[in-house]
Amino acid sequence: MTDELKPWRVLESRELLDASPWMRVGVDTVELPDGRVVENFYQLRQPAFVCIFPEMEDGRILAMRQYRHGPKRVCLTFPGGHMDKPGESALETAKRELMEETGCVAERWTDLGAYTMYANAGGATSHMFHATGCRRVAEPDSGDLEETRIELLTKPELLAAAGRGEIALMTQITLLAMVTSPELMAAIGKAAG
């Protein structure tokens, strides 16, 4: 590639709202590669989180049906949570969240990468994982606000649920697409489970 694209340069950054640990809102003044300056480029800063696609030993997928306040409805989700323990890696957080939310451990873990939620506003980074060979070893003990019903679904049942709009969160539908698309898994260099 002969024409190299250049990043924007942050000239100033101010915090407008601190609602830690859940979010902070800031505003940047940025200089574009062509020299133009853009003021009031708002930034949403949220903690990183993990999202896990858990496959049981028998091949069924562990999903959770729960109310999510973003879409303001009950929907299917996968286990996950914020990376809120200092020094804990994304994989360690994923293992902890799987145990807390489902009482399961996994035999194998595939790291599917980390992805920023919003193209220009920032937001959180989602660390995606595929956990296979899952088995229940304890009762769930998440301490979360949501009431949760754990469901074990075959891949065709899960895909049918997605087709009916039961998966309302972008991270969840993205994780489903990643794991069920051999072409995508091959392109990002991950072994399809």
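Look above for the structure.
A quick note: this is a predicted structure, and the numbers were derived from the prediction, not measured. (Residues numbered from 1 in each chain as written. Predicted model: local features only at pLDDT ≥ 70, side-chain atom pairs only at ≥ 80, totals over all residues. Heavy atoms only, no water.)

**Quick notes on the pairing of strand E3 (residues 37–45)**
As paired strands, strand E2 (residues 23–31) and E3 are joined by seven bridges and run antiparallel to one another. The residue of E3 that forms the bridge with Gly26 is Gln43. Taking the residues between adjacent antiparallel strands as the criterion, E2 and E3 are bridged by five residues, where Gly35 takes a positive phi near 100°. (Pairing = 2+ DSSP bridges. Helix = DSSP H or I, 4+ residues; strand = E, 2+ residues; numbered from the N terminus.)

**Some words on helix H3 (residues 170–180)**
Burial in H3 covers these residues: Thr171, Gln172, Leu175, Leu176, Met178 and Val179. All buried residues of H3 project into a common sector of 160° when viewed along the axis, lining one side. Buried residues along H3 sit against strand E4 (49–56), strand E6 (73–77), strand E9 (108–118), strand E10 (122–136), helix H2 (155–163) and helix H4 (182–187). (Buried < 20%, exposed > 50% of the residue type's maximum accessible area, 1.4 Å probe, protein only. Arc of directions from axis to C-beta. Contact = heavy atoms within 4.5 Å.)

**Focus on a nonpolar patch on the surface**
Together, Leu16, Leu17, Trp22, Met23 and Tyr42 line one region of the surface with nonpolar side chains, adding up to about 530 Å² of accessible area. Mapping Leu16 onto the fold places it in strand E1 (residues 9–19). (Patch = residues over 30% accessible without salt bridge, like charges linked within 9 Å, V, L, I, M, F, W, Y side chains within 5 Å. Areas by Shrake-Rupley, 256 points an atom, 1.4 Å probe, with all protein chains shown as cover. Salt bridge = Lys/Arg side-chain N within 4 Å of Asp/Glu carboxyl O.)

**Comments concerning the pattern of salt bridges**
Pairing is possible between side chains of opposite charge, provided their charged atoms come close. With the rule as written, the count across this model stands at 16 salt bridges. When the shortest N-O distance is used, the salt bridge between Glu12 and Arg14 registers 3.9 Å. Overall, Glu12 belongs to the partly exposed group, its relative accessible area being 42%. For Glu151, the salt bridge is made with Arg149, and the minimal N-O distance between the two is 2.9 Å. Bridged by salt links that share partners, the residues Arg65, Arg149, Glu151, Arg164 and Glu166 form one connected network.

**Overview of unusual backbone geometry**
Pro21 follows Ser20 through a cis peptide bond whose omega is 5°. Looking at the element boundaries, Pro21 is found in the loop between E1 and E2. For Lys72, which is not glycine, the phi torsion reads 60° and is therefore positive. Inspection of the secondary structure puts Lys72 in the loop between strand E5 (61–68) and E6.

**Brief notes about the side chain of Glu55**
Inspection of the secondary structure assignment puts Glu55 in strand E4. Engagement of the side chain of Glu55 in a polar contact is seen with the side chain of His130, the distance being 2.7 Å. (Polar contact = N/O pair within 3.5 Å; in protein donor to acceptor, adjacent residues only side chain to side chain.)

**Thoughts on helix H1 (residues 90–102)**
The end-to-end C-alpha distance of H1, which contains 13 residues, comes to 18 Å, matching closely the 18 Å that a straight helix rising 1.5 Å per residue would cover. Gly103 occupies a position one or two residues after H1 and carries a positive phi of about 75°. (Expected span 1.5 Å × (residues − 1).)

**Things to note about the environment of Met185**
Examined against the element boundaries, Met185 turns out to sit in helix H4. Linking Met185 and Tyr118, residues 67 residues apart in sequence, is a C-alpha distance of 22 Å.

**Some thoughts on the packing of aromatic side chains**
Here the distance between the centres and the angle between the planes together describe a pair of aromatic rings. Considering all chains together, one arrives at three aromatic pairs under this definition. When the ring of Phe53 is compared with that of Phe78, the centres are 5.1 Å apart and the planes differ by 55°; the resulting orientation is tilted. One end of the pair, Phe53, is in strand E4; the other, Phe78, is in the loop between E6 and strand E7 (80–82), and 25 residues separate them in sequence. In this structure, Phe53 and Phe78 share a single accessibility class: buried. Taken together, a centroid distance of 6.1 Å and an interplanar angle of 80° make the contact between Trp109 and Phe129 edge-to-face. Of the two residues, Trp109 is situated in strand E9 and Phe129 in strand E10; the sequence distance between them amounts to 20 residues. In this pair, the class of Trp109 matches that of Phe129, namely buried. (Phe/Tyr/Trp six-rings, centres within 6.5 Å; stacked < 30°, edge-to-face > 60°.)

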